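A look at the structure
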Amino acid sequence: MQFILEDIAEAEVERRRGVYTPLTDTVRDLVDAVIRTEVGEDALAVAQRRIAEIVADLRSEQMDGPYGVRHTRENTGMAWGNAVIGVRNALAPPLNVEHVDDGVRCEFTLGAAYEGPPGCVHGGVCAMLLDHLLGNAASYESACYTGTITIRYLRPTRLGALTARAWVTEQTGRKRIARGTISDAEGVTCEAEGVFIVPRSALDAPPVRWSAG
Ligand SMILES: CCCCC/C=C\C/C=C\C/C=C\C/C=C\CCCC(=O)SCCNC(=O)CCNC(=O)[C@H](O)C(C)(C)COP(=O)(O)OP(=O)(O)OC[C@H]1O[C@@H](n2cnc3c(N)ncnc32)[C@H](O)[C@@H]1OP(=O)(O)O
């Protein structure tokens, strides 16, 4: 497990973010459109061919493996392939994580691509988002791995506008206990508690600010 130094200035990070964000947003829009389209089958076949051409263009120059977990010399995080916050990952909602006094919070909207029960967020998606947020709250000095996480689903989480928060309740050595919630306008829908551990190999890792994706 190794973070990658992306040796570029902060202004260049912002410039690249400005290039990739609209591309990823459009791919997110494509995912939603494919789920909800009612156009005829001929139009679907045309769309499929046009999308396949775009995929071939993008694949004409590709990295060998995943994007990796990168950071700048100033320790700005660039986890741009990350499943929850990745600037280049259309599967990420994405969460735009804010640091607050007692931990982290974020506001986000989940649409049709995150459906589990009818009109509601898939339980695994809630677990993934909470895992990331609790991990982020716990990673205030060094990045932590999830050791164990427990989710309690109090009531269904409707698709739409949601808020989540996470905070650390205990720290002993390399081990932290974190808690967090997802809420809709009526209150908390699910809550999580987890054990997060700074792996020995990451003790010397830089204190990266990960909220920026
Ligand atoms: C460092 C990686 C960070 C990943 C960063 C990713 C992206 C960066 C982007 C944004 C970052 C910001 C926030 C997000 C951060 C994280 C959120 C996502 C996290 C993940 O998506 S992460 C993937 C899933 N995760 C794994 O893939 C872990 C696989 N696993 C291992 O790598 C080891 O297993 C490890 C390191 C967990 C422990 O190994 P170890 O050798 O350090 O542990 P050791 O035995 O020394 O125990 C020390 C103390 O922890 C207790 N303990 C040990 N294991 C436990 C467990 N499982 N549950 C509960 N407690 C446990 C012991 O009981 C003892 O406690 P005590 O001291 O009280 O006795």
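Per an unreviewed UniProt entry, the recorded name for the chain is Acyl-coenzyme A thioesterase THEM4, and the organism is Gordonia alkanivorans CGMCC 6845.

With that settled, the discussion passes to the sheet that holds strand E5 (residues 103-110). Spatial ordering of the open sheet is given by E4-E5-E7-E8-E9-E6, a layout of six strands whose pairing is antiparallel. At either end of the open sheet lies a strand with only one pairing partner, and these are strand E4 (98-100) and strand E6 (145-153). In this sheet, adjacent strand axes meet at a mean angle of 25° when their direction is disregarded. Sitting on the sheet, helix H3 (residues 123-138) is in contact with E4, E5, E6, strand E7 (160-172), strand E8 (175-184) and strand E9 (187-197), with an inclination near 55° to E9.

Roughly 940 Å³ of internal volume is contained in the largest pocket. Lining the largest pocket we find 24 residues, and of these Leu23, Val27, Leu58, Gln62 and Arg88 sit closest to its centre. Listing elements by their share of the lining of the largest pocket, those giving two or more residues are helix H1 (10-36) and helix H2 (41-59). It is H1 that contributes the most residues to the lining of the largest pocket, eight residues altogether.

Attention shifts here to the site of the ligand. Not every one of the 22 residues close to the ligand is listed here, only the nearest: Thr146, Thr148, Arg174, Lys175 and Arg200. One of the side-chain N or O atoms of Thr148 is found 2.6 Å from a nitrogen atom in the ligand. Measuring from an oxygen atom of the ligand, one finds a side-chain N or O atom of Arg200 at 3.0 Å. In the complex, the protein chains occlude 60% of the 1300 Å² of accessible area that the ligand would expose alone. For the shell around the ligand, the elements supplying multiple residues, two or more each, are H3, E6 and E9. Residues of the shell around the ligand, tallied by class, amount to 10 nonpolar, eight polar and four charged. Here the shell around the ligand spans two domains, and each of domain 1 (1-94) and domain 2 (95-205) adds at least three residues to it.

This part is about the sheet that holds strand E1 (residues 4-5). Here three strands make up an open sheet; going across it, the order is E1-E2-E3 and the pairing mixed. Strands at the two margins of the open sheet, each flanked by one partner only, are E1 and strand E3 (77-78). Across two bridges, the pairing between E1 and strand E2 (residues 70-71) is parallel. Looking at E2, one finds that Leu5 is bridged to His71.

The first and last C-alpha atoms of H3 sit 22 Å apart over 16 residues, in line with the 22 Å expected at 1.5 Å per residue. Listed in full, the buried residues belonging to H3 are Val125, Cys126, Leu129, Leu130, His132, Leu133, Leu134, Gly135, Asn136, Ala137 and Ala138. Looking at the buried positions of H3, the neighbouring elements they touch are E4, E5, E6, E7, E8 and E9.

Attention now goes to the UniProt feature "domain: Thioesterase" (unreviewed entry) in the chain. In the numbering adopted here, UniProt assigns the feature "domain: Thioesterase" (unreviewed entry) to residues 119-190. End-to-end, the C-alpha atoms of residues 119-190 are 16 Å apart, and along that stretch the chain is 22% helix and 50% strand.

A few words now on the nonpolar core. Ranked by size, the top nonpolar core spans 31 residues in total, and within it Leu95, Phe108, Leu110 and Leu133 carry the most contacts. For this core, the secondary-structure elements that each account for two or more residues are E5, H3, E7, E8 and E9. In terms of residue count, the dominant contributor to this core is H3 (eight residues). Here Leu110 is in contact with Pro93, Val121, Val125, Leu129, Leu159, Gly160 and Leu162, once residues within four sequence places are set aside. In terms of nonpolar packing, the next biggest core, distinct from the first, is built from six residues, Ile8, Val13, Met78 and Trp80 among them.

What counts and what doesn't
Residues numbered from 1 in each chain as written. Predicted model: local features only at pLDDT ≥ 70, side-chain atom pairs only at ≥ 80, totals over all residues. Heavy atoms only, no water. Pairing = 2+ DSSP bridges. Helix = DSSP H or I, 4+ residues; strand = E, 2+ residues; numbered from the N terminus. Axes fitted to C-alpha atoms, helices over the stretch in contact; angles between N-to-C directions. Contact = heavy atoms within 4.5 Å. 1 Å grid on protein atoms, 1.4 Å probe; cavity = no way out; pocket = protein on both sides within 12 Å on 5 of 7 lines; lining within 4 Å. Points joined across faces, edges and corners; volume = space filled by probe spheres on them. Near = heavy atom within 4 Å. Polar contact = N/O pair within 3.5 Å; in protein donor to acceptor, adjacent residues only side chain to side chain. Areas by Shrake-Rupley, 256 points an atom, 1.4 Å probe, with all protein chains shown as cover. Nonpolar A, V, L, I, M, F, W, Y, C, P; charged D, E, K, R; others polar. Domains from an automatic or database assignment. Expected span 1.5 Å × (residues − 1). Buried < 20%, exposed > 50% of the residue type's maximum accessible area, 1.4 Å probe, protein only. UniProt positions renumbered as here; feature names shortened; annotations may be inferred. Core = buried A, V, L, I, M, F, W, Y, C linked by side-chain atoms within 4.5 Å.

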